[in-house]
Amino acid sequence: MTIPANLKYTKDHEWVRIDGDIATFGITDHAQEALGDIVFVELPDIDRELEAGEAYAVVESVKAVSDVYSPVAGAVVEVNEELEGEPEKVNTDAFGGGWIAKVKISGDATVELMTDDEYNTFLEE
Amino acid sequence: MSESVLNSNDRTFKYSATNGIQHEEPLLFEHAHEAPESIHLPGVEGDIPDALAVFSRKIPANIPGLSEPETVRHFVRLSQWNHGIETGFYPLGSCTMKYNPRVNETVARLPGLAHIHPDQPEDTVQGALELLYEVQEWLGEISGLPHVTLQPAAGAHGELAGLMMIRACLDARGEAERRTVLVPDSAHGTNPASAALCGMHTVELKSGADGRIDLDVLKANLNDGTAALMMTNPNTAGAFETDIKEICQLVHDAGGLVYGDGANLNALVGLARPGDMGIDCLHINVHKTFATPHGGGGPGAGPVAVNDTLAAFLPVPRIVKESDNYRLDSTSDASIGSILSTIGQSGVYMRANAYISAFGRQSLHKIAEDAVLNANYILHRLKDVYHVPFEGVCKHECLLTDEIQNKHGVKTLDIAKRLIDLGFHPMTVYFPLIVHGAMLIEPTETESRETLDSFCDAMLEIAAQCEAGNTDALHEAPVKPFRRRLDETQAARKPVLVWPQ
């Protein structure tokens, strides 16, 4: 499994990519592997204000239903509507086509974020 | 009998076979006939009056064209593909699939109990009311929470009723801002769902390294917004919450109440009482602990027992006893009201009464003792071959994982599916969520040592098959039933729920 170097990671196995004031969220390859086949993704409403660490989406697999937490604070500006018809994209392309939401960042608040190397070490522990 | 071995000398099954007489069976609408064959309505003589004609059907009813025996066979055949507690061992963890004694059915079918109506005058159903009242008294004594409602129609309904009482109690104290329910991450999924339905929001508590509630995590999350802690004891990892008294004290000191999920009461019944531990409110799954049927869609029951703090908020009507008479009492200012149109699922409680009475006060503890012993027996036989995430003795269910088998590419789902081939219902898989690849095994007290051994033998054989590299058989399992490994993913992603006309 490769862990992209251009992303940041959380202890709850979410990834975030920050481009200017826009943050893109998803769950990591490790997370989708642990969850198994994803069958449904509940997306947040556009304009919803999220606090860092707030549950903003729900990922349902054949094994479990899991909350997904926002790594940063901000307002939802876009969601990946393709996941409504093809939730399996989270399995096949967790770091790319399986992105879940984009947020316009507000403030500096974030949950604890890790680099790719730090996340790799975290996984090995 | 290809794989099954019946040794006539020591009379023990290695494991049972599943290759009996079974029939393939299409869906109802796939049967060939065009017209309904079992319905023959008389023709109409003369004209249908206009007043009635407006109700006549404009489009065909599309009733499948089956005769009566075809219809009966359809459902009986489907039922034969199923595995129930009366087919074989059913160690579904957290679900307490214990055998339902026949005598319970006999009692529930007595005409004086079965052929009565909820709206009958009270003086014509004194016997039934007495039996229901007895159940209330029993459940109050067993739980250590003396005030009981029999109304809720399921465990989750009981959760909602309990949380509504807690909410009403907090409102009566002038603390309507308390709306947060703390829920451990090992909780049953119904717990946060019930809290949400009750207009509360939940905060998840991360379990400690031993799978139990971490006191520091609990303390850090208690505040002026805390309405309740919702917990299960023993928890879903099969472990007793050894800090339970301190946990309840901390929540009470913070101004909150403690809701107990009674799903695992089978480990405690007759031995320890949630009320004595400090729990304020507990729902009881009579279909688990007290051997009433698990359903088929109902009717179910999820009675709730509460302490003095919450007594005033119980639903009405309540069954009360006045000298030797029983009546329904609806007078209560603080009650949350009715949560069912009747006083409860009478037939279910007649079965529970029969079950509790059969043990009596002296013997009820044997239920818990044997349930715990059986679970530990399985744990002991399997612990060297399957990974045990939390050390120590378990309560009524034991928790294993697929960590060792993972090295060979075999997962919990493969092990569960292979058990079907070997004649057993799988254990609960992938729950609790805090354990990767969880396998939760709950044998209940009603199984013999021979049954437990045959299950353990099957589990050991699966592990051996895995070690020997014979993993294809595990990935393909089950191969014996009519329907082999079902595509659970497609069933969830692209469900076909309606017959395409």
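Residues numbered from 1 in each chain as written. Chains lettered and ligands numbered in written order. Predicted model: local features only at pLDDT ≥ 70, side-chain atom pairs only at ≥ 80, totals over all residues.

Draft legend 1. Looking closely at the overall build of chain A. Check the secondary structure of chain A and you find 4 helices and 9 strands. Relative to the compact-globule value of 14 Å for 125 residues, chain A shows a C-alpha radius of gyration of 13 Å, a close match. Principal-axis analysis of the C-alpha atoms places the extent of chain A at approximately 35 × 35 × 20 Å. Expressed as a percentage of its 125 residues, the buried residues of chain A come to 39%. Partitioning the intrachain contacts of chain A with sequence separation of at least 6 by distance along the chain shows that 65% fall at a separation of at least 24. (Helix = DSSP H or I, 4+ residues; strand = E, 2+ residues; numbered from the N terminus. Rg over C-alpha atoms; globule rule 2.2 N^0.38 Å. Buried ≥ 20, exposed ≤ 12 C-beta atoms within 10 Å, placed from the backbone. Contact = placed C-beta atoms within 7 Å.)

Draft legend 2. The domain arrangement of chain B, seen in detail. All names here are of chain B. Each assigned domain of chain B is listed with its residue range as follows: domain 1 (116–363) and domain 2 (366–493). Here the C-alpha centre of domain 2 lies 31 Å away from the C-alpha centre of domain 1. Contact residues are listed per partner, giving 20 residues for domain 1 and 18 residues for domain 2. Here the residues of the side of domain 1 that touches domain 2 are counted per class, giving 9 nonpolar, 9 polar and 2 charged. (Domains from an automatic or database assignment. Nonpolar A, V, L, I, M, F, W, Y, C, P; charged D, E, K, R; others polar.)

Draft legend 3. Spatial organisation of the packing of helix α13 (residues 365–382) of chain B against helix α16 (residues 449–467) of chain B. Residues and elements named next belong to chain B. Where α13 meets α16, the closest approach of the two axes is 10 Å, and the angle between their N-to-C directions is 30 degrees. Considered as vectors, α13 and α16 are oriented roughly parallel to each other. Like other packed secondary-structure pairs, α13 and α16 cross with a definite hand, here right-handed. Here α13 contributes Asn374, Tyr377, Ile378, Arg381 and Leu382 to the contact with α16, which in turn contributes Leu452, Cys456 and Met459. (Axes fitted to C-alpha atoms, helices over the stretch in contact; angles between N-to-C directions. Parallel < 35°, antiparallel > 145°, perpendicular 65-115°, else oblique. Left-handed = near helix turned anticlockwise from the far one by under 90°.)

Draft legend 4. Local environment of the pairing of strand β14 (residues 438–441) of chain B. All names here are of chain B. Burial along β14 is two-sided: the residues Ala438 and Leu440 and Met439 and Ile441 are all buried. When strand β12 (residues 398–401) meets β14, the two strands line up antiparallel, connected through 4 bridges. Within β14, the position partnered with Leu400 by the bridge is Met439. Taken together, the 2 bridges between strand β13 (residues 428–429) and β14 define a ladder with antiparallel strand orientation. Bridged to Thr428 within β14 is Leu440. (Pairing = 2+ DSSP bridges.)

Draft legend 5. Structural context of the nonpolar core. Of all hydrophobic cores here, the largest spans 113 residues; its most connected members are Met165(B), Ile166(B), Met230(B) and Cys281(B). Counting residues in each nonpolar core, the second largest holds 30 residues, with Leu50(A), Tyr56(A), Val76(A) and Tyr119(A) among its members. (Core = buried A, V, L, I, M, F, W, Y, C linked by C-beta atoms within 7 Å.)

Draft legend 6. Summary view of the pairing of strand β2 (residues 14–19) of chain A. Residue and element names in this part refer to chain A. The pairing of strand β1 (residues 8–9) with β2 spans 2 bridges and is classified as antiparallel. Along β2, the bridge assignment pairs Tyr9 with Trp15. The hairpin formed by β1 and β2 contains 4 residues between the paired strands, and His13 there has a positive phi angle of roughly 65 degrees. Relative to strand β3 (residues 22–27), β2 runs antiparallel, the two being bridged by 6 bridges.

Draft legend 7. View of the sheet that holds strand β3 (residues 147–149) of chain B. Residues and elements named next belong to chain B. Strands sit in the order β3-β9-β8-β7-β6-β4-β5 across an open sheet of 7 strands; the sheet is mixed. The open sheet has two edge strands, β3 and β5 (201–205), and neither has a second partner. Between one strand and the next, the sheet's axes are offset by a mean angle of 20 degrees, whatever the strand orientation. Across 5 bridges, strand β6 (residues 226–232) lies against strand β7 (residues 257–261) in parallel orientation. Opposite Leu229, over in β7, you have Val258 as the bridge partner. Sitting on the sheet, helix α5 (residues 126–143) is in contact with β3, β8 (281–283) and β9 (304–306), with an inclination near 125 degrees to β3. Together, β3, β6, β7, β8 and β9 form the strand contacts of helix α6 (residues 155–172), whose direction differs from that of β8 by roughly 165 degrees.

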